[in-house]
Amino acid sequence: MLYGIAAYTLWGLLPLYFILLFPAGPVEIVAGRVLWSLIFCALLIAVTRTWAPLAAALKNPKVFWPLALAAGLIAINWLTYTYGVTTGQTVEASLGYFINPLVSVLLGVLVLKEKLRKLQWAAVGIGFIAVIVLTISYGKLPWIALTLALSFGFYGFVKKRVGSRVDALASLTVETVVLAPFAAVVMIILTVIGQATMTAQGPGHFWIMAASGVITAVPLLLFGASARRLPMTTIGLLQYFAPMLQFIFALTILGETMTIERWIGFGIVWLALLLLTVDMLSTNRKNSPARRLTTQLT
């Protein structure tokens, strides 16, 4: 639980970091995140001397290919989120992560055969209503929010399926190994056409960009450790931390605005999340060891 809370809190702070990366564009930021994350993971593996789990993951097709799929999903998520933040659409980006718990719950029941209770079904239904209301409010389908919710929902699902076979560090390293060649090509192209900023804005900008390795890898490692240990529904509930921080920063620091219609749409989403929270707390109370022991004794 603590791994998950830490991961989502760090993700909630990302908009503030991306502001510091200007004038770098979303494509360069994502490519840099991949390459610096690979370097950071390689250093961690060297320090901890855990090359064996990495080698085993690379050699096992049942581990490598799901992680390759996860790499593609997280790349889509990173690019979409970075685009949203750098183009002044952090509010919609935060909406994607508010919706994501509902996606995680649906994946849990549709794919993992986890049973939904009445409040969970009600929350999912209300979530669909919220998407309709927000589509009307935006005048278009909120594609940034939906792309973020679906890509990260499926990323969490894939990590959950492969989690028992590989540790968090080896898992993330494989993902960055898969993405690194594409990221390197992107950086070369941007440099050739004169659009790369990493080495053109002074040493301060370079080291802020380089810090993306740590800033990217640490929450993903925490998330990977959490996804291996928690059910999909619980993982979805933990995500409240990130979008709430993003939403607050978007309104108070980035100066984005909210119309009445969008407030209504967000309110409906929050109602759905409230129902999920009530259901989770009620279920945890019923399933607590003390309650089970009391039931058995009586």
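Along each chain, residues carry numbers from 1 onward, in the same order as the chain's sequence is written. It should be noted that, the model being predicted, local features are given only for residues of pLDDT at least 70 and side-chain atom pairs only at 80 or more, the latter also being counted only at that level, while totals for whole chains, interfaces and linings use all residues. Where side-chain values are given, they derive from all heavy atoms of the structure, hydrogens and water being excluded.

Draft legend 1. Representation of the packing of helix α6 (residues 90-110) against helix α7 (residues 118-138). Here an angle of 0 to 180 degrees is reported between the N-to-C directions of two axes, which are lines fitted to C-alpha atoms, with helices fitted over the stretch in contact. A run of DSSP states H or I qualifies as a helix once it reaches four residues; a run of E qualifies as a strand once it reaches two. Both are numbered from the N-terminal end. Contact geometry for α6 and α7: axes closest at 10 Å, N-to-C directions at 155 degrees. By the angle between their axes, α6 is roughly antiparallel relative to α7. Crossing of α6 against α7: the hand is left-handed. In contact with Val91, Glu92, Leu95, Ile99, Leu102, Val105 and Leu106 of α6, α7 contributes Ala123, Val124, Gly127, Phe128, Val131, Leu134 and Tyr138. Only Asp, Glu, Lys and Arg are considered charged, only Ala, Val, Leu, Ile, Met, Phe, Trp, Tyr, Cys and Pro nonpolar, and every remaining residue, Gly among them, polar. Class assignment for the residues of the contact of α6 with α7 results in 12 nonpolar, 1 polar and 1 charged. For classification purposes, angles smaller than 35 degrees are called roughly parallel, those larger than 145 roughly antiparallel, those between 65 and 115 roughly perpendicular, and all remaining angles oblique. Whether a crossing is left-handed or right-handed is set by the direction in which the near helix is turned from the far one by less than a right angle, anticlockwise for left-handed and clockwise for right-handed. Between two residues, a contact is recorded if the distance between any of their heavy atoms is within 4.5 Å.

Draft legend 2. Focus on helix α13 (residues 241-252). For α13, which comprises 12 residues, the first-to-last C-alpha distance of 17 Å matches the rise-based estimate of 16 Å (1.5 Å per residue) to within 8%. Buried means the residue's accessible area, taken with a 1.4 Å probe over protein chains only, is under 20% of the maximum for its type, while exposed means over 50%, and partly exposed covers the values in between. Residues of α13 that are buried: Ala242, Pro243, Gln246, Phe247, Phe249 and Ala250. The buried residues of α13 occupy one face: seen down the axis, they fall within an arc of 165 degrees. To estimate the expected span of a helix, subtract one from its residue number and multiply by 1.5 Å. Within this analysis, the arc is defined by the directions that extend from the helix axis to the C-beta atoms.

Draft legend 3. A look at the packing of aromatic side chains. For Phe, Tyr and Trp, where Trp contributes only its six-membered ring, two rings pair if their centres lie within 6.5 Å, and the inter-plane angle classes them as stacked under 30 degrees, edge-to-face over 60, or tilted in between. On inspection of all chains with the given rule, the structure shows 22 aromatic pairs. Considering the side-chain rings of Tyr8 and Trp11, the 5.5 Å spacing of their centres and the 55 degrees angle between planes classify their relative orientation as tilted. Here Trp11 and Tyr8 lie together in helix α1 (residues 2-12), a separation of 3 residues that amounts to about one turn. According to the relative accessible area criterion, Tyr8 is buried, its value standing at 2%. Overall, Trp11 belongs to the buried group, its relative accessible area being 10%. Residues Trp36 and Phe206 carry aromatic rings whose centres are separated by 5.8 Å and whose planes lie at 85 degrees to one another, so their mutual orientation is edge-to-face. Here Phe206 lies in helix α10 (residues 203-210) and Trp36 lies in helix α3 (residues 26-48), a separation of 170 residues in the sequence. Cluster of aromatic residues (ring-pair linked, three or more members): Tyr8, Trp11, Tyr17, Phe18, Tyr81, Tyr97, Phe152, Tyr155 and Phe223. Positioned above the aromatic ring of Trp78 is the side chain of Arg33, whose terminal nitrogen or guanidinium carbon lies 4.5 Å from the ring centre. For a lysine, the NZ atom is tested; for an arginine, the CZ atom; a charge sits over a ring if that atom is within 6 Å of the ring centre and within 35 degrees of the ring normal.

Draft legend 4. Inspection of the pattern of salt bridges at higher detail. The salt bridge definition used is simple: a Lys or Arg side-chain nitrogen within 4 Å of an Asp or Glu carboxyl oxygen. Tallied over the full model, the rule gives 3 salt bridges. Between Glu92 and Lys140 there is a salt bridge, with its nearest N and O atoms 3.8 Å apart. Within this pair, whereas Glu92 is found in helix α6, its partner Lys140 is found in the loop between α7 and α8 (143-162), the two being separated by 48 residues in sequence. Take Glu92: its relative accessible area is 2%, and that puts it in the buried class. For Lys140, a relative accessible area of 35% gives the class partly exposed.

Draft legend 5. Up close: the confidence of the model for the protein. Residue-level pLDDT values for the protein average 85, and 94% of them are 70 or greater. At the level of individual helices and strands, the protein shows its lowest average pLDDT in helix α15 (residues 289-297), which scores 50, and its highest in helix α5 (residues 61-86), which scores 93. Think of pLDDT as the predictor's per-residue confidence, scored from 0 to 100.

Draft legend 6. Molecular detail of the packing of α6 against α8. Look at α6 against α8: their axes get within 7 Å of each other, and the N-to-C directions meet at 40 degrees. As summarised for this structure, α6 and α8 are arranged oblique, according to the angle between their axes. Note that α6 runs across α8; the crossing there is right-handed. Contacts between α6 and α8 involve Glu92, Ala93, Leu95, Gly96, Tyr97, Ile99, Asn100, Val103, Ser104 and Leu107 from the first element and Trp143, Ile144, Ala145, Leu146, Leu148, Ala149, Leu150, Phe152, Gly153, Phe154 and Phe157 from the second.

Draft legend 7. Up close: a nonpolar patch on the surface. Each patch is built from residues lacking any salt bridge and having more than 30% relative accessible area; the joining distance is 9 Å for like charges and 5 Å for nonpolar side chains (Val, Leu, Ile, Met, Phe, Trp, Tyr). Using a 1.4 Å probe, accessible areas were evaluated by the Shrake-Rupley method; residue-level cover was limited to the displayed protein chains. Taken together, the side chains of Val185, Ile188, Ile189, Val192 and Ile193 make up a nonpolar region of the molecular surface, amounting to roughly 490 Å² of accessible area. Within the secondary structure, Ile189 sits in helix α9 (residues 168-192).

Draft legend 8. Examining the nonpolar core more closely. Buried residues of nine kinds, namely Ala, Val, Leu, Ile, Met, Phe, Trp, Tyr and Cys, make up a nonpolar core once their side-chain atoms join them within 4.5 Å. Formed by 93 residues in total, the largest nonpolar core has its most connected members in Trp11, Phe223 and Phe266. With near-sequence residues (within four places) excluded, Trp11 lies in contact with Tyr81, Phe152, Pro219, Leu220, Phe223, Ala242 and Gln246.

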